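Overview (structure and organization)
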Amino acid sequence: MNIMFVINDTLVTPPAADTILKGITRDSVLQLSRDWGMKIEERRVSVKEVMEAVQNGTLQEAFGAGTAATIAHIAVIGYEGKNYTLPPVAERKFSNKILKALDDIKFGKAPDPHNWIHKV
């Protein structure tokens, strides 16, 4: 599973490398985000940056993206003995939109613009 953040309307995720796995779900989230014109930054993300974004209110969403869960919302981030509650899942625009889009493509409820679905 990969971790992704929406900070200031930008999707931020570490680049695939030795410690970050490449994956179909990760790639699908990034591709649909590009299709929708969302700003994306694939770069190293520090705990300090995430905590500053939590504290100043610019961290809008945090979620995992992976095969088993597709999108796994993160509700709370714990750091140095304190829990920071993120916005309610129901109010999250991007991660809910991407989850619905991926599910709709997967179940044939929406067109597959990238030819991802193959009958076996």
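Now for a description of the structure that goes with this document.

**Some thoughts on the overall build of the chain**
- On a plain count of helices and strands, the chain comes out with 3 helices and 7 strands.
- Its C-alpha atoms give the chain a radius of gyration of 15 Å, within 12% of the compact-globule value 14 Å for 120 residues.
- Here the C-alpha coordinates of the chain stretch approximately 50 × 35 × 25 Å along the principal axes.
- Within the chain, the proportion of its 120 residues that are buried is 36%.

**Concerning the packing of aromatic side chains**
- This model, assessed by the stated rule, comprises 2 aromatic pairs.
- Look at Trp36 and Phe94: their rings are 6.2 Å apart centre to centre, the planes differ by 75°, and that puts the pair in the edge-to-face class. With Trp36 in the loop between helix H1 (24-35) and strand E3 (39-42) and Phe94 in helix H3 (residues 93-106), this pair connects stretches of sequence that are 58 residues apart.
- Among the residues examined, Phe94 registers a relative accessible area of 7% and is labelled buried.

**Describing the nonpolar core**
- Among the nonpolar cores identified, the biggest contains 15 residues, and Met4, Leu11, Val29, Phe63, Phe94 and Ile98 are the most heavily contacted of them.
- At the level of secondary structure, the elements contributing two or more residues to this core comprise strand E1 (2-7), H1, strand E4 (59-66) and H3.
- Top contributing element to this core by residue count: H3, with 5 residues.
- Those residues in contact with Ile98, other than ones at most four positions away along the chain, are Val29, Leu32, Ser33, Trp36 and Ile71.
- In terms of nonpolar packing, the next biggest core, distinct from the first, is built from 12 residues, Phe5, Ile7, Val54 and Ala62 among them.

**Some remarks on the side chain of Thr58**
- With respect to the secondary-structure elements, Thr58 resides in the loop between helix H2 (47-56) and E4.
- Residue classification places Thr58 among the buried positions, given a relative accessible area of 18%.
- Engagement of the side chain of Thr58 in a polar contact is seen with the side chain of Asn56, the distance being 2.6 Å.
- Contact partners of Thr58, with chain neighbours within four places excluded, come to Val6, Ile7, Asn8 and Ala53.

Parameters at a glance
Residues numbered from 1 in each chain as written. Predicted model: local features only at pLDDT ≥ 70, side-chain atom pairs only at ≥ 80, totals over all residues. Heavy atoms only, no water. Helix = DSSP H or I, 4+ residues; strand = E, 2+ residues; numbered from the N terminus. Rg over C-alpha atoms; globule rule 2.2 N^0.38 Å. Buried < 20%, exposed > 50% of the residue type's maximum accessible area, 1.4 Å probe, protein only. Phe/Tyr/Trp six-rings, centres within 6.5 Å; stacked < 30°, edge-to-face > 60°. Core = buried A, V, L, I, M, F, W, Y, C linked by side-chain atoms within 4.5 Å. Contact = heavy atoms within 4.5 Å. Polar contact = N/O pair within 3.5 Å; in protein donor to acceptor, adjacent residues only side chain to side chain.

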